[in-house]
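Observations on the three-dimensional arrangement
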Amino acid sequence: AMLTDTEYAVMREEDTEKPFTSPLNDEKRAGVFHCKGCDLPLYDAKTKFESGTGWPSFYDSLPGAIETKEDRKHIFDDGPAPTGKRHCLNGVSLTFTPEAA
């Protein structure tokens, strides 16, 4: 009930939002990206990079923050060093908490 139709489709039915529609794609401040559903911290903003795909992309997650399954839709082997990975996320599945000044 707390999710919009788009958030529900993305987070529960593995749908994808339209590229370049999330304001988080342009987020450049220091801080942490959290799961929109459970508010657990997932990605440090230091690992975010501009992939040109239209979705927030990260080269690594916080330790122990995510589990993976066979997935050819969201984690790719074309990211920057040091991991070479690109975690491509739908912005509607994330929230951002800026680092305190």
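Below, the structure is looked at part by part.

Cut-offs applied
Residues numbered from 1 in each chain as written. Predicted model: local features only at pLDDT ≥ 70, side-chain atom pairs only at ≥ 80, totals over all residues. Heavy atoms only, no water. Helix = DSSP H or I, 4+ residues; strand = E, 2+ residues; numbered from the N terminus. Rg over C-alpha atoms; globule rule 2.2 N^0.38 Å. Pairing = 2+ DSSP bridges. Salt bridge = Lys/Arg side-chain N within 4 Å of Asp/Glu carboxyl O. Buried < 20%, exposed > 50% of the residue type's maximum accessible area, 1.4 Å probe, protein only. Axes fitted to C-alpha atoms, helices over the stretch in contact; angles between N-to-C directions.

**As for the overall build of the chain**
Of regular secondary structure, the chain possesses one helix and seven strands. Reading the helices (α) and strands (β) of the chain from amino to carboxyl end gives α-β-β-β-β-β-β-β. For the chain, whose C-alpha radius of gyration is 13 Å, the value lies close to the compact-globule estimate of 13 Å for 101 residues. Expressed as lengths along the three principal axes of its C-alpha atoms, the size of the chain is roughly 40 × 35 × 25 Å.

**A look at the pairing of strand E2 (residues 41-44)**
In this sheet, E2 lies alongside strand E1 (residues 31-35) in antiparallel orientation, the contact comprising three bridges. Across the sheet, the residue bridging to Phe33 is Tyr43, located in E2. Turn length for the E1-E2 hairpin, with the two strands adjacent in sequence and antiparallel, is five residues, and the turn residue Asp39 shows positive phi of about 65 degrees.

**Considerations on the pattern of salt bridges**
Counted according to the given criterion, the structure contains four salt bridges. Of the charged contacts in the structure, one is a salt bridge between Asp77 and Lys85, with a shortest N-O distance of 2.4 Å. Overall, the relative accessible area of 63% leaves Asp77 in the exposed class. A salt bridge links Arg86 to Asp78; the nearest nitrogen and oxygen atoms lie 2.8 Å apart.

**Brief notes about the sheet that holds strand E4 (residues 57-58)**
With antiparallel pairing, the four strands of this open sheet are ordered in space as E3-E4-E6-E5. Either end of the sheet is taken by a strand with one partner, and the two such strands are strand E3 (48-49) and strand E5 (75-76).

**Brief notes about the pairing of E1**
Most of E1 sits inside the fold, with four of its five residues counted as buried. Sheet analysis places E1 next to strand E7 (residues 94-98), joined by five bridges and oriented antiparallel. Counterpart to Gly31 in the pairing with E7 is Pro98.

**Some thoughts on the sheet that holds E2**
Adjacent strands of a sheet pair through backbone hydrogen bonds, lying either parallel or antiparallel. Taken in spatial order, the three strands of this open sheet run E2-E1-E7, and their pairing is antiparallel. The open sheet has two edge strands, E2 and E7, and neither has a second partner. If you compare each strand with its neighbour and ignore which way they point, the axes differ by 30 degrees on average.

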